[in-house]
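Notes for the structure review
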Amino acid sequence: MDTTTLLPADDESYGFDNIADVLKTSPSLLERYMSASWNISRLAVGDAAIGASSSIYRARADLSQNEHIEGLPLGTRGGIAVKHNFRWMANT
């Protein structure tokens, strides 16, 4: 996502954008930031119409919990490693 289209450019003074003279928050600037946050959070959350789903992964009963499992972080013992493809739907 290109946020430069949602947010105004920073004001500059002497080539710097962090000088106290140019640091201000106007009501219209705050509105732009709030609008950008709504748009970004809507994209991050996704489509609210998609229902929740669940998957259950069970480890074998005879799986040893005393040895390192390939694919898990070093220093761990036991557990289960699962590759899961999450369901995603593009807005159409």
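Note that the coordinates shown come from a computational prediction; the quantities given were computed from them, not determined experimentally.

The next thing to look at is the environment of Ser55. Mapped onto the elements of the fold, Ser55 is located in the segment after α1 (27-45). The class of Ser55 is partly exposed, set by a relative accessible area of 43%. Considering only alpha carbons, one finds Ser55 and His84, 29 residues apart in sequence, at a separation of 9.0 Å.

This brings us to the environment of Asp62. Relative to the assigned elements, Asp62 resides in the segment after α1. Residue class for Asp62 comes out exposed when judged on its relative accessible area of 61%.

Looking now at the pattern of salt bridges. Taken as a whole and judged by the stated rule, the model has one salt bridge. With its nearest N and O atoms 3.0 Å apart, the salt bridge here joins Arg60 to Asp62. Per residue, the accessibility class of Arg60 equals that of Asp62, and both read exposed.

Rules used throughout
- Residues numbered from 1 in each chain as written.
- Predicted model: local features only at pLDDT ≥ 70, side-chain atom pairs only at ≥ 80, totals over all residues.
- Heavy atoms only, no water.
- Helix = DSSP H or I, 4+ residues; strand = E, 2+ residues; numbered from the N terminus.
- Buried < 20%, exposed > 50% of the residue type's maximum accessible area, 1.4 Å probe, protein only.
- Salt bridge = Lys/Arg side-chain N within 4 Å of Asp/Glu carboxyl O.

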